[in-house]
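Listed below, chain by chain, are the residues.
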Amino acid sequence: MTVPQHLLLVIPPHSAALAESAGHLVDAEVEHPQLSVLDVAATRGDGIFETISIGRGHPQAFDAHLARFARSARMLDLPAIDETLWRDAVLALADRLADHDEAWVKIVLTRGIEGQPAPTGWAYGTVSPEFRRERTEGVDVVLLDRGLRSDVSTTSPWLLAGAKTLSYAVNRAAVREAQRRGADDVVFVSSDGMLLEGPTSTLVIRRGEQLATPPDAFGILPGTTQVDLFAAADQWGLSTAVEPLTADDLFGADAAWLVSSVRHAAPVRSVDARPLTVDAPLTAAMNGFLRARTA
Ligand code: PLP
């Protein structure tokens, strides 16, 4: 039997708590559609997700992704996450992707069909695309004003800054704006001038022997890849800092990366068309470390 490359595990409808059954596994390419057109995932982007990297069958930063999924559920007033159920769903797909060096599984929980009490959940897995160019040559980024102050999560928690929601249309629009400006990716800046994050990544800079990243308190997603890299930094002789950074810190950095679960560490080779040094040896070490994680 050939193993399908697009795997879907549908979590049965559930109300306050998720159902005990781990759902059924289907080939997403050949089975009939599973999502109702009335689901608020489709009509309002009202739900949460996580994308988990799978290295040779091992979900990476697994506990951190599940903890962040639970945090997003709390922020959106969704039912509490049944961690065992979601863990089993990811493992079931990861197991079937174990022949591949790099794959990913996306888990999604939505508020369900409008007017009905049961949320919808599913896990989808597939093989990762090739990222050699981004991981070695790097990406050109532009700074884009997000239009929100860095204290947005305190002043306006209903904006859900820092939750991993399905409403990513703005993030996609930002990447299209970057492309219009001849770049590949974005670093968002708060309206009060603080560096934030990429549309699907965390910003990490190197200043001398230190790696630095902006704090989650600025309404950015707490990145699992950044946390793993910082935990490994001393093996590269580097200290770490989580602190406010401005555009000048990025322009003056010795190197910078956009880091994320599936693409891993993409060095930044220019910011608003001003070249930045690509630290090739450290980038290779980071990506080697990220690929080899088994938990
Ligand atoms: N920030 C945003 C907005 C993201 O969407 C992501 C990942 O998709 C990240 C940061 C990086 O998070 P992680 O390293 O956990 O993939």
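Residues numbered from 1 in each chain as written. Predicted model: local features only at pLDDT ≥ 70, side-chain atom pairs only at ≥ 80, totals over all residues. Heavy atoms only, no water.

1. Some remarks on the overall build of the chain
Phase 1: Across its full length, the chain carries 9 helices and 14 strands.
Phase 2: With 295 residues in all, the chain has 52% of them scored as buried.
Phase 3: The long-range share in the chain, meaning contacts at least 24 apart out of those at least 6 apart in sequence, stands at 71%.
Phase 4: For the chain, the accessible surface area stands at approximately 13,400 Å², while carbon and sulfur atoms represent 53% of it. (Helix = DSSP H or I, 4+ residues; strand = E, 2+ residues; numbered from the N terminus. Buried < 20%, exposed > 50% of the residue type's maximum accessible area, 1.4 Å probe, protein only. Contact = heavy atoms within 4.5 Å. Areas by Shrake-Rupley, 256 points an atom, 1.4 Å probe, with all protein chains shown as cover.)

2. What about the site of the ligand?
Phase 1: In the region of the ligand, 17 residues are neighbours, and Arg68, Tyr168, Thr224, Thr225 and Ser261 sit closest.
Phase 2: Contact between the ligand and Arg68: an oxygen atom at 2.8 Å from a side-chain N or O atom of the residue.
Phase 3: Between the ligand and Ser261 there is a distance of 2.6 Å, counted from an oxygen atom to a side-chain nitrogen or oxygen.
Phase 4: Calculation on the ligand without its partners gives an accessible area of 390 Å², and the protein chains cover 94% of this total. (Near = heavy atom within 4 Å. Polar contact = N/O pair within 3.5 Å; in protein donor to acceptor, adjacent residues only side chain to side chain.)

3. Quick word on the packing of aromatic side chains
Phase 1: Under the definition given, this model contains 4 aromatic pairs.
Phase 2: Note on Phe49 and Tyr168: the rings are 5.2 Å apart at their centroids and 75 degrees apart in plane angle, and the pair reads as edge-to-face. Linking Phe49 in strand S3 (residues 47-55) with Tyr168 in the loop between helix H5 (152-155) and helix H6 (169-180), this pair joins segments that are 119 residues apart in sequence. Each member of the pair, Phe49 together with Tyr168, is buried.
Phase 3: The side chain of Arg87 reaches across the aromatic face of Phe62, ending 4.9 Å from its centre. (Phe/Tyr/Trp six-rings, centres within 6.5 Å; stacked < 30°, edge-to-face > 60°. Lys NZ or Arg CZ within 6 Å of the ring centre and 35° of its normal.)

4. Topic: the side chain of Arg68
Phase 1: Tracing the backbone shows Arg68 in helix H2 (residues 62-75).
Phase 2: What makes Arg68 buried here is its relative accessible area of 7%.
Phase 3: At 2.8 Å, the side chain of Arg68 and the side chain of Glu50 are in polar contact.
Phase 4: Not counting residues within four places of it along the chain, the set of residues in contact with Arg68 comprises Glu50, Lys164, Leu221, Pro222, Gly223 and Thr224.

5. Focus: the pattern of salt bridges
Phase 1: Within the structure shown, the criterion is met by 19 salt bridges.
Phase 2: Arg180 serves as the salt-bridge partner of Glu177, at 3.0 Å between the closest nitrogen and oxygen. Residue Glu177 and its partner Arg180 are both found in helix H6; the two are separated by 3 residues, about one turn of the helix.
Phase 3: Judged by relative accessible area, which is 22%, Glu177 ranks as partly exposed.
Phase 4: The class of Arg180 is exposed, set by a relative accessible area of 61%.
Phase 5: The shortest N-O distance in the salt bridge between Arg181 and Glu177 comes to 2.7 Å. (Salt bridge = Lys/Arg side-chain N within 4 Å of Asp/Glu carboxyl O.)

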